[in-house]
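Listed here are the chains, written in short residue letters.
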Amino acid sequence: MASNPSDQNLNDDRLPVVVLISGSGSNLQALIDTQEDIGIRIAAVISNKPSVLGLKRAMEARIPAEALNHKDYETREQFDQALMELINSYNPKLVVLAGFMRILTPEFTRFYEQRLLNIHPSLLPKYKGLHTHRRALEAGDAEHGVTVHFVTSELDGGPPVIQARIPVRSGDTEETLQKRVLVQEHIIYPVAVGWFASGRLCLKENKALLDNVPLPAQGFQHTVLSTPE
Ligand code: GAR
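Keep in mind that this is a model prediction, so the values were computed, not measured.

## Re the packing of aromatic side chains
All told, the structure shown has 5 aromatic pairs when counted by the stated rule. Ring geometry for Phe108 against Tyr112: centres 4.8 Å apart, planes inclined by 55°, an arrangement best described as tilted. Neither residue differs from the other here; Phe108 and Tyr112 are each classed as buried. Cluster of aromatic residues (ring-pair linked, three or more members): Phe108, Phe111 and Tyr112.

## Here's the deal with the site of the ligand
All residues in the neighbourhood of the ligand are listed as Ser24, Gly25, Ser26, Asn27, Gly99, Met101, Ile119, His120, Pro121, Leu182 and Glu185. Separating an oxygen atom of the ligand from a backbone N or O atom of Gly25 is a distance of 2.7 Å. The contact in question runs from an oxygen atom of the ligand to an N or O atom on the backbone of Asn27, over 2.9 Å. In the complex, 85% of the free accessible area of the ligand, which totals 450 Å², lies under the protein chains. Its atoms largely coinciding with the cavity grid, the ligand occupies the largest pocket. Of the residues that constitute the shell around the ligand, the class distribution is 4 nonpolar, 6 polar and 1 charged.

## Thoughts on the side chain of His144
Following the sequence through the fold, His144 ends up in strand 6 (residues 143-150). Once residues within four sequence positions are removed from consideration, His144 is found in contact with Pro121, Ser122, Leu123, Thr132, His133, Ala136, Ala164, Arg165, Ile166, Val168, Leu177 and Val181.

## A few points about the sheet that holds strand 6
Strand order in this open sheet of 8 strands is 3-2-1-4-5-6-7-11, and the pairing throughout is mixed. Since the sheet does not close on itself, it has two edges, and those belong to strand 3 (65-67) and strand 11 (220-222), each with one partner. Strand-to-strand twist of the sheet, defined as the mean angle between neighbouring strand axes without regard to direction, takes the value 20°. Where strand 1 (residues 15-21) meets strand 4 (residues 94-97), 4 bridges bridge the pair, whose relative direction is parallel. Within strand 4, the position partnered with Val19 by the bridge is Val96.

## Considering the packing of helix 1 (residues 26-38) against helix 2 (residues 53-60)
Between helix 1 and helix 2, the least distance of the axes is 9 Å, while the angle of their chain directions is 15°. Between helix 1 and helix 2, the angle falls in the class roughly parallel. The way helix 1 lies across helix 2 gives a crossing that is right-handed. Counted together, Ser26, Leu28, Gln29 and Ile32 of helix 1 and Gly54, Arg57 and Ala58 of helix 2 form the full contact between these two elements. Taken together, the residues of the contact of helix 1 with helix 2 sort by class into 3 nonpolar, 3 polar and 1 charged.

## As for the side chain of Asn48
Looking at the secondary structure, you find Asn48 in the loop between strand 2 (40-47) and helix 2. Owing to a relative accessible area of 2%, Asn48 belongs among the buried residues under this scheme. Engagement of the side chain of Asn48 in a polar contact is seen with the side chain of His70, the distance being 3.0 Å. Setting aside residues up to four positions removed in sequence, Asn48 forms contacts with Ile21, Ser22, Leu68, Asn69, His70, Phe79, Phe100 and Arg102.

## Concerning the layout of surface pockets
Counted as a void, the largest pocket has a volume near 980 Å³. As for the largest pocket, its lining consists of 38 residues, of which Gly99, Phe100, Met101, Ile119 and Pro121 are closest to the centre. Listed by contribution, the elements that provide at least two residues to the lining of the largest pocket are helix 1, strand 5 (116-120), helix 5 (132-138) and helix 6 (174-197). Top element by residues in the lining of the largest pocket is helix 6. It accounts for 5 residues. Of the residues belonging to the lining of the largest pocket, the class tally is 14 nonpolar, 18 polar and 6 charged.

Conventions and cut-offs
- Residues numbered from 1 in each chain as written.
- Predicted model: local features only at pLDDT ≥ 70, side-chain atom pairs only at ≥ 80, totals over all residues.
- Heavy atoms only, no water.
- Phe/Tyr/Trp six-rings, centres within 6.5 Å; stacked < 30°, edge-to-face > 60°.
- Buried < 20%, exposed > 50% of the residue type's maximum accessible area, 1.4 Å probe, protein only.
- Near = heavy atom within 4 Å.
- Polar contact = N/O pair within 3.5 Å; in protein donor to acceptor, adjacent residues only side chain to side chain.
- Areas by Shrake-Rupley, 256 points an atom, 1.4 Å probe, with all protein chains shown as cover.
- 1 Å grid on protein atoms, 1.4 Å probe; cavity = no way out; pocket = protein on both sides within 12 Å on 5 of 7 lines; lining within 4 Å.
- Sits in = over half its atoms within 2 Å of the grid points.
- Nonpolar A, V, L, I, M, F, W, Y, C, P; charged D, E, K, R; others polar.
- Helix = DSSP H or I, 4+ residues; strand = E, 2+ residues; numbered from the N terminus.
- Contact = heavy atoms within 4.5 Å.
- Pairing = 2+ DSSP bridges.
- Axes fitted to C-alpha atoms, helices over the stretch in contact; angles between N-to-C directions.
- Parallel < 35°, antiparallel > 145°, perpendicular 65-115°, else oblique.
- Left-handed = near helix turned anticlockwise from the far one by under 90°.
- Points joined across faces, edges and corners; volume = space filled by probe spheres on them.

Laid out in structure tokens, this is it:
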């Protein structure tokens, strides 16, 4: 039996993916749990914060887990440069941002253009940036949700791939909304990553294409069957 996880994969035709995280890594877990089914191999998990739960999840799955603390770098450019070097040492074909809470430099987004996905907890283009659940509640929105999108240099502004919408209920709080949205995140992120891994999804001329057909402006609309209380 191979002792080094990378040794196990010499004859592995699954798509090598590096996942970037900053926190609990529940989306990472959804990808770990589905990686065989969706045709990916998570080559490494990198966190800009040491000691987060997501790194433990990676280690438990015997995936190389790296902490690269942004506080050790004077500038965003220097951090992103070091991050790119670390990512590239794993030769990924796709980089997946899963709760990675850092603004990326144009050098970074340009380098991984067409192979960089993010998940954002709002119905983009609504609520780019932080506190999306609070902002949806404050605006009195009837629905809220989550978007997977290709990353470009515009913050949370790259072409959407897939969205899941949930109704906002009277009595919802930031916490209840966040929980119900997260359930959908764990469903749609593996779907989007699986499409990419199978070659069905790509970015061309700033448009997300599925099976060579441009996706709607807000991405494929995932049907939510029911949402838990
Ligand atoms: C998720 O809700 C994800 O959509 C959000 O961070 C959370 C990470 O949770 N990402 C962003 O806000 C990016 N702008 P997780 O660590 O449990 O996957």
